[in-house]
Number of protein chains: 2
Amino acid sequence: MADISTRKVNPLFLREEELRQGMELLFYAYRDFTAEADLLLEQYNFGRAHHRVIHFVSRNPGINVSDLLAILQITKQSLSRVLSQLVRDGFIEQKTGIQDRRQRLLTVTEKGEELERKLSENQRTLIANAYREAGAEAVEGFRKVMLGMLGASDRARFDDEFLPNGLRRRLG
Amino acid sequence: MADISTRKVNPLFLREEELRQGMELLFYAYRDFTAEADLLLEQYNFGRAHHRVIHFVSRNPGINVSDLLAILQITKQSLSRVLSQLVRDGFIEQKTGIQDRRQRLLTVTEKGEELERKLSENQRTLIANAYREAGAEAVEGFRKVMLGMLGASDRARFDDEFLPNGLRRRLG
DNA sequence: CCGTTATGTCAGTTACGTTGACATATTAAT
DNA sequence: ATTAATATGTCAACGTAACTGACATAACGG
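Residues numbered from 1 in each chain as written. Chains lettered and ligands numbered in written order. Predicted model: local features only at pLDDT ≥ 70, side-chain atom pairs only at ≥ 80, totals over all residues. Heavy atoms only, no water.

### Regarding the packing of aromatic side chains
The relative placement of two aromatic rings is captured by the distance of their centres and the angle of their planes. Under the criterion given, the structure shown has 18 aromatic pairs over all chains. The interplanar angle of 50° and the centroid separation of 5.4 Å between the aromatic rings of Phe 27 of chain A and Phe 56 of chain B together place this pair among those described as tilted. Of this pair, Phe 27 of chain A sits in helix α2 (residues 11-43) while Phe 56 of chain B sits in helix α3 (residues 48-59), on two different chains. Residue Phe 56 of chain B is classed as buried on the basis of its relative accessible area, which comes to 3%. Members of the aromatic cluster, joined through ring pairs, are Phe 27 and Tyr 28 of chain A together with Phe 56 and Phe 158 of chain B. Taking NZ or CZ as reference, Lys 111 of chain A lies 4.6 Å from the ring centre of Phe 91 of chain A, over its face. (Phe/Tyr/Trp six-rings, centres within 6.5 Å; stacked < 30°, edge-to-face > 60°. Helix = DSSP H or I, 4+ residues; strand = E, 2+ residues; numbered from the N terminus. Buried < 20%, exposed > 50% of the residue type's maximum accessible area, 1.4 Å probe, protein only. Lys NZ or Arg CZ within 6 Å of the ring centre and 35° of its normal.)

Written as structure tokens, this is what we have:
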């Protein structure tokens, strides 16, 4: 086979090829992964940014704005537009913090949870299918490689990943 | 441990948690992966779109515009802006097709290859480190899961992934 | 010759990010 | 008690990269 002979003759080329392939896998996977939700979002006049906000607020109920900004890594002005739309339309609620009254603690309303479920339904299916077809061992490898590609601060977010929702550590 | 007890008590919750975690891994990995190249691109007044074009033209020398559009999945108007800048600045060359003179076949110039190397240097390092730390078996799992998440047409692009560059099949 | 294809371009729009400057309420510190 | 720092919000202007729709040109193919 051409591939095998190439493997033997030029292993360095294949290493390079392997890396390039990884880059492309990431590109295609991310795009295919977000494609369907994007279509749904259009019906609400929302964009991908709204989905991200709903997702992370749903995952971190009671999160404050600073911590959300740290996760999303955008400016407060950018978040403001998206967040105020979500609040206006009743998908997210803001409550003044108890210990620190400067904070606006964010939670997703039931209406918001419903939207989140709709938006992520296809994504969950995609991942679930990929996980199921690949098998538990492959999933472990997938997680290992993905975690290895994250920056230190993002990796820290997964340290307590198996704690129940309410106990998850805020910040990063 | 909290995680193990939770696992036993509520396996369905953990399944959901596992899927959500996969979604976030993809989000963080993609962002961290592209962050550094984005900074470099600014110095050329280019954006991520330019990187994508250079990458895929470099990978598919002599590709025509339609096939490139099929890979990128953007409109020709969107590609036009980016591509004409890259041609203007001497990173990409267009040659009229030989069999079909309507086609503009695209190749990356030496200057373009140099830029591509610079841009992907950090990305290659990120992947290489993640691969090395995770081990060969994990990498196989990673690839399996990622491929499983792709749509059929994107998955087809990886059918001949181990053929040398010049022999890779065009289109999808 | 004519319909289709490959490509390009003009014009207008949208989503989502940016910077900079400033305002307000609240907390923390000297 | 005053002052500095923090958390948040907002106004304004801007840039990139995507989009749609419409039209133009050149070349291919029957």
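So, next bit.
### Quick notes on the protein's contact with DNA strand C
Lining the immediate environment of DNA strand C, one finds 25 residues, of which Arg 48, Arg 52 and Ser 78 of chain A together with Ser 66 and Lys 76 of chain B sit closest. Within 4 Å of the protein, the contacting atoms of DNA strand C are 57% sugar and phosphate, with bases supplying the remainder. Here a phosphate oxygen of DNA strand C sits 3.3 Å away from a polar atom, N or O, in the main chain of Val 65 of chain B. Between DNA strand C and Arg 104 of chain B, the relevant distance is 3.4 Å, taken from a phosphate oxygen to a main-chain nitrogen or oxygen of the residue. (Near = heavy atom within 4 Å. Polar contact = N/O pair within 3.5 Å; in protein donor to acceptor, adjacent residues only side chain to side chain.)

### Digging into the protein's contact with DNA strand D
The full set close to DNA strand D counts 25 residues, and Ser 66, Lys 76 and Arg 102 of chain A together with Gly 47 and Arg 52 of chain B are the nearest of them. The sugar and phosphate moieties of DNA strand D supply 60% of its atoms located within 4 Å of the protein. In this structure, Arg 102 of chain A approaches DNA strand D through a side-chain N or O atom, which is 2.6 Å from a base oxygen. Of all the secondary structure elements, the ones that give two or more residues to the surface near DNA strand D are α4 (65-72) and α5 (76-88) of chain A together with α3 and α5 (76-88) of chain B. Ranked by the residues each element gives to the surface near DNA strand D, the list is headed by α3 of chain B, at four residues. Its residues assigned to classes, the surface near DNA strand D comprises three nonpolar, 13 polar and nine charged. (Nonpolar A, V, L, I, M, F, W, Y, C, P; charged D, E, K, R; others polar.)

### Re the relation of the copies chain B and chain A
At an RMSD of 0.1 Å, chain B and chain A line up after a rotation of 180° and a shift of 0.0 Å along the axis. Read as a symmetry element, the transformation amounts to a two-fold axis. Among all residues of chain B, the one whose C-alpha sits closest to the rotation axis is Phe 142 of chain B, at a distance of 1.8 Å. Comparing interface residues between copies, 100% of those in chain B also lie at the interface in chain A; the contact surface is shared. (Least-squares fit on C-alpha atoms with pLDDT ≥ 70 in both. Contact = heavy atoms within 4.5 Å.)

### Observations concerning α3 of chain B
Residues and elements named next belong to chain B. Spanning 12 residues, α3 covers 17 Å between terminal C-alpha atoms, matching the ideal 16 Å at 1.5 Å per step. Within α3, nine of the 12 residues are buried, which leaves it mostly tucked inside the rest of the structure. Residues His 50, His 51, Val 53, Ile 54, His 55, Phe 56, Val 57, Ser 58 and Arg 59 constitute the buried set of α3. (Expected span 1.5 Å × (residues − 1).)

### Focus on the interface of chain B and chain A
Residue-level contacts link 66 residues of chain B with 66 residues of chain A. For the chain B and chain A pair, buried surface summed over both sides reaches about 7000 Å², with 67% attributable to carbon and sulfur atoms. The interface formed by chain B and chain A includes 10 salt bridges. Note that Asp 154 of chain A and Arg 31 of chain B form a salt bridge whose closest N and O atoms lie 3.1 Å from each other. Taken together, chain B and chain A are joined by 20 residue pairs in polar contact (both at pLDDT 80 or more). Taken together, the elements giving at least two residues each to the side of chain B that touches chain A come down to α1 (2-9), α2 (11-43), α3, α4 (65-72), α6 (110-134) and α7 (136-149) of chain B. Per-element accounting of the side of chain B that touches chain A gives the leading share, 21 residues, to α2 of chain B. Considering only residue class, the side of chain B that touches chain A consists of 33 nonpolar, 12 polar and 21 charged. (Buried area = accessible area lost by both parts, 1.4 Å probe. Salt bridge = Lys/Arg side-chain N within 4 Å of Asp/Glu carboxyl O.)

### Some details on the side chain of Asp 32 of chain A
Among the structural elements, Asp 32 of chain A can be located in helix α2. Overall, the relative accessible area of 14% leaves Asp 32 of chain A in the buried class. In this structure, Asp 32 of chain A is in contact with Leu 126 of chain A together with Met 149, Leu 150, Gly 151 and Asp 154 of chain B, ignoring residues within four places of it in sequence.

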